[in-house]
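Take a look at the letters that make up each chain.
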Protein chains: 4
Amino acid sequence: MTHQAILVLTTGGTIDKSYFDALSEYQIVESGIPALLAEARVALAHRVVEVMRKDSLELTDQDRAEIARAVREAPENRIVITHGTDTMTETAQVLAQAAPGKTICLTGALSPARFAETDAHFNLGMAFAAAQVARPGVYIAMSGEVFDGLKVRKDRAAGKFVAITQ
Amino acid sequence: MTHQAILVLTTGGTIDKSYFDALSEYQIVESGIPALLAEARVALAHRVVEVMRKDSLELTDQDRAEIARAVREAPENRIVITHGTDTMTETAQVLAQAAPGKTICLTGALSPARFAETDAHFNLGMAFAAAQVARPGVYIAMSGEVFDGLKVRKDRAAGKFVAITQ
Amino acid sequence: MTHQAILVLTTGGTIDKSYFDALSEYQIVESGIPALLAEARVALAHRVVEVMRKDSLELTDQDRAEIARAVREAPENRIVITHGTDTMTETAQVLAQAAPGKTICLTGALSPARFAETDAHFNLGMAFAAAQVARPGVYIAMSGEVFDGLKVRKDRAAGKFVAITQ
Amino acid sequence: MTHQAILVLTTGGTIDKSYFDALSEYQIVESGIPALLAEARVALAHRVVEVMRKDSLELTDQDRAEIARAVREAPENRIVITHGTDTMTETAQVLAQAAPGKTICLTGALSPARFAETDAHFNLGMAFAAAQVARPGVYIAMSGEVFDGLKVRKDRAAGKFVAITQ
């Protein structure tokens, strides 16, 4: 189990939302992911690259193509992607064909990382572990579970991700 | 990837240390793990059982036998154990023979979960994912990495876990 | 310095904003002030009353009249009011005539109390102290300072309250 | 109410305790007070000076004389002192004679400032306000109350400060 370095791609989403008093609104800001990894005392080799800074409802086909390209062209085979939760499964679909042989785990948060109470740290930890341990493929780590990225949906009303079984 | 329920065994350690003003000292207290899992919005079926409440430097052979028995007798095959970091690797050795066929991941924290800045949430997330995704065996999730539980040591001076390579 | 009980009136504002994933937006929610006072281990007699739950930009003349009435009719003479920051000074003007003989301190936050980093706790502490120690009148406690409530303005661009001097 | 600058003297105590994994113990560390003031967005002129870094049970007569000298020789008339809670009232007694004409407010915390849940921010806010608003004298701001520094005791069992009435 010699782990290669992990690449973390940030794309925006609730996990990186902050509040701006001067605007009376929330916006996605410079990613707090490097700070989270430092707080978690991550000693494993990794690098963090910001791909974009968007609410996932605003992601276009072109945006997803850009994420896929970043995954494909990366030297790393173990990739964590932070992403808004509303269209996380759509991006997973796109990535499924993008880079066979790589282990890709998407994650995000229902509560911003800057909140005192948040699922951000736990979710990022799950994604880090899944990227190291799981076989090549696309996964989504949310709601305490590592899902097959092609067999999961967000139940927005219930505030959780659930497996699609059939 | 249909996941069975996860069993979380708590044994104490820094992750559950709090501070008592009336004593001017820190003590291990009632486990904060259930609160962490709620904050992380874990929807995956799980139960949390307190096995003991000890600093890992105080764990005896009998204590480790008790942890091993709890693992062996549990109906769950996917087990997370929160544990003090100083002798976490010794417990991993004991567990290696205890329950073949089960996936066991030990974790803990260098900074108490009750701190504003802590590795507790991230580490617990790693352990949750490893317990779901990894093949049967004993693992240690610390310092951002999922280690083979038999090939890792704590570098106390450096404040991190490192793989034993050879 | 025998202190009478303190009345805390909550009216909404950023201090009580939370984030709702299901709506992808922030809203003012059930006040977190009682939880903040418990965390601060406040042993001084007090009660907390929610007057309204509004962004201060939405407050009407009628709303301010209602706040003034709550102040006037309260048995307590020492009153803390949590309030959105954008029109806090307007409410201070209204209260200046409302209840001579009472010590009233308005406060709020530039960053929601639910954030890991926030000015909410410190500001609430300032207001609690000012309500106990200051002579009757209307005060605003923000930006580390206890201001005369009639001689202060919010510098929105600079993100702080500043005294009006002349 | 033109406020002069505030001097914050730090002396140690629980408020500045951190945890050291390498030692398996808690120690008082470099003061976190400047970070707390930044988080609270304090715009009022102030400076922070570390006088010592001690548990208050270890403070000697000489230490208290040193604190008194720092108060007396400071150009500021409004002084906040962070201090361990166990002997905070003894230091208040010493300071009562030290600097007539100055407003001095001692504060501290029952739970370290580095904890996710702590009274540190609120207490520091109270002390900041009391130093600005109160008449010259020595005060203690703890448990949600600004006490006359000569008429208060710590009820260690109850975990709070209470006024001495008679």
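Described in the following lines is the structure provided in the data block. (Residues numbered from 1 in each chain as written. Chains lettered and ligands numbered in written order. Predicted model: local features only at pLDDT ≥ 70, side-chain atom pairs only at ≥ 80, totals over all residues. Heavy atoms only, no water.)

1. A closer look at the overall build of chain A
Then, in step 1: Of the regular secondary structure elements, chain A holds 4 helices and 10 strands.
Then, in step 2: Taken from the N to the C terminus, the helices and strands of chain A come in the order β-β-β-α-β-α-β-α-β-α-β-β-β-β.
Then, in step 3: Along the first, second and third principal axes, the C-alpha atoms of chain A reach 45 × 40 × 30 Å.
Then, in step 4: Per-residue burial over chain A gives 61% buried out of 166 residues.
Then, in step 5: Taking all contacts inside chain A whose residues are at least 6 apart in sequence as the whole, residues at least 24 apart take part in 65%.
Then, in step 6: Taken as a whole, chain A presents about 6500 Å² of accessible surface, with 46% of it coming from carbon and sulfur.
Then, in step 7: Where the 17 positive side-chain charges of chain A centre and where its 20 negative ones centre are 6 Å apart. (Helix = DSSP H or I, 4+ residues; strand = E, 2+ residues; numbered from the N terminus. Buried < 20%, exposed > 50% of the residue type's maximum accessible area, 1.4 Å probe, protein only. Contact = heavy atoms within 4.5 Å. Areas by Shrake-Rupley, 256 points an atom, 1.4 Å probe, with all protein chains shown as cover. Lys, Arg positive; Asp, Glu negative; His and termini not counted. Charge placed at Lys NZ, Arg CZ, Asp CG, Glu CD.)

2. Describing the pattern of salt bridges
Then, in step 1: Scanning the model with the defined rule gives 32 salt bridges over all chains in all.
Then, in step 2: For A:Lys154, the salt bridge identified is with A:Asp86, shortest N-O distance 2.9 Å. Note that A:Lys154 is positioned in strand 9 (residues 152-155) and A:Asp86 in the loop between strand 5 (78-82) and helix 3 (88-96), a separation of 68 residues in sequence. Note on accessibility: A:Lys154 and A:Asp86 belong to one class, buried.
Then, in step 3: The partner of B:Asp86 in a salt bridge is B:Arg156, and the shortest N-O contact between them spans 3.1 Å. With B:Asp86 in the loop between strand 5 (78-82) and helix 3 (88-96) and B:Arg156 in the loop between strand 9 (152-155) and strand 10 (160-163), this residue pair connects regions lying 70 residues apart in the sequence.
Then, in step 4: Classification of B:Asp86 by relative accessible area gives buried; the value is 19%. (Salt bridge = Lys/Arg side-chain N within 4 Å of Asp/Glu carboxyl O.)

3. Here we look at the pairing of strand 6 (residues 103-107) of chain D
Residues and elements named next belong to chain D.
Then, in step 1: Within strand 6, 5 of the 5 residues are buried, leaving the element largely enclosed by the surrounding structure.
Then, in step 2: Strand direction decides the pairing type here: strand 5 (residues 78-82) and strand 6, joined by 5 bridges, are parallel. Following the sheet pairing, Thr-82 is matched in strand 6 by Thr-107.
Then, in step 3: On the question of chirality, the crossover connecting strand 5 to the parallel strand 6 by way of helix 3 (residues 88-96) is right-handed.
Then, in step 4: Direction of pairing for strand 6 relative to strand 7 (residues 137-142): parallel, over a ladder of 5 bridges. Across the sheet, the residue bridging to Leu-106 is Ile-140, located in strand 7.
Then, in step 5: Remark: the strand 6/helix 4 (residues 120-133)/strand 7 crossover connection has left-handed handedness. (Pairing = 2+ DSSP bridges. Right-handed = clockwise from strand over helix to strand, strands pointing away.)

4. Digging into the interface of chain D and chain B
Then, in step 1: Across the boundary between the two partners, chain D contributes 20 residues, which contact 20 residues of chain B.
Then, in step 2: Buried surface at the junction of chain D and chain B, summed over both partners, amounts to about 1600 Å²; 46% is from carbon and sulfur atoms.
Then, in step 3: Between the two partners, chain D and chain B, sit 0 salt bridges.
Then, in step 4: On inspection of chain D and its partner chain B, the count reaches 2 residue pairs in polar contact (both at pLDDT 80 or more). (Buried area = accessible area lost by both parts, 1.4 Å probe. Polar contact = N/O pair within 3.5 Å; in protein donor to acceptor, adjacent residues only side chain to side chain.)

5. Let's talk about the sheet that holds strand 8 (residues 145-148) of chain A
Residues and elements named next belong to chain A.
Then, in step 1: Pairing in this open sheet of 6 strands is mixed, and the strands run 4-1-5-6-7-8 from one edge to the other. Of all the strands in the sheet, the pair left with one neighbour each is strand 4 (46-54) and strand 8. For this sheet, the mean angle separating the axes of adjacent strands, direction not counted, is 20°.
Then, in step 2: Across the face of the sheet, helix 2 (residues 61-73) comes into contact with strand 1 (6-12), strand 4, strand 5 and strand 6 (103-107) while running at roughly 170° to strand 4. (Axes fitted to C-alpha atoms, helices over the stretch in contact; angles between N-to-C directions.)

6. Notes on the relation of the copies chain D and chain B
Then, in step 1: Mapping chain D onto chain B calls for a rotation angle of 180° and an axial translation of 0.0 Å; the resulting RMSD is 0.0 Å. The transformation just described matches what one would write down for a two-fold rotation axis.
Then, in step 2: Of all interface residues in chain D, 100% are interface residues in chain B too; the two copies therefore contact each other through one and the same surface. (Least-squares fit on C-alpha atoms with pLDDT ≥ 70 in both.)

7. Details of the relation of the copies chain A and chain B
Then, in step 1: Of the transformation superimposing chain A on chain B, the axial component is 0.0 Å and the angular component is 180°, with the fit at an RMSD of 0.0 Å.
Then, in step 2: When the interface residues of chain A are mapped onto chain B, 100% of them again lie at the interface, so the same face is used by both copies.

8. As for empty space enclosed by the protein
Residue and element names in this part refer to chain D.
Then, in step 1: What the rule picks out here adds up to 4 cavities of 30 Å³ or more.
Then, in step 2: Along the wall of the largest cavity there are 12 residues; nearest its centre are Thr-14, Asp-55, Gly-84, Thr-85 and Asp-86.
Then, in step 3: Broken down by class, the residue content of the lining of the largest cavity amounts to 2 nonpolar, 6 polar and 4 charged. (1 Å grid on protein atoms, 1.4 Å probe; cavity = no way out; pocket = protein on both sides within 12 Å on 5 of 7 lines; lining within 4 Å. Points joined across faces, edges and corners; volume = space filled by probe spheres on them. Nonpolar A, V, L, I, M, F, W, Y, C, P; charged D, E, K, R; others polar.)

9. So, the pairing of strand 5 of chain A
All names here are of chain A.
Then, in step 1: By the criterion of burial, strand 5 is predominantly enclosed, with 5 of the 5 residues buried.
Then, in step 2: Alternating positions in strand 5 separate into two faces, Arg-78, Val-80 and Thr-82 on one and Ile-79 and Ile-81 on the other, with burial throughout.
Then, in step 3: As paired elements, strand 1 and strand 5 share 5 bridges and run parallel to each other. By the bridge assignment for strand 5, Val-8 is matched with Val-80.

10. So, the interface of chain A and chain B
Where interface size is given, it is often the accessible area lost as the parts come together that is meant.
Then, in step 1: On the chain B side, the residues contacting the 35 residues of chain A number 35 residues.
Then, in step 2: Here chain A meets chain B over a buried area of about 2800 Å², counting both sides, of which 67% is carbon and sulfur.
Then, in step 3: One can count 0 salt bridges joining chain A with chain B.
Then, in step 4: Inspection of the region where chain A meets chain B yields 8 residue pairs in polar contact (both at pLDDT 80 or more).
Then, in step 5: Mapped by element, the contributors of at least two residues to the side of chain A that touches chain B are helix 1 (33-39), helix 4 (120-133) and strand 8 of chain A.
Then, in step 6: With 11 residues, the top contributor of residues to the side of chain A that touches chain B is helix 4 of chain A.
Then, in step 7: In terms of residue class, the side of chain A that touches chain B is made up of 19 nonpolar, 9 polar and 7 charged.

Treat this as a map of the structure, not an account of what it does.
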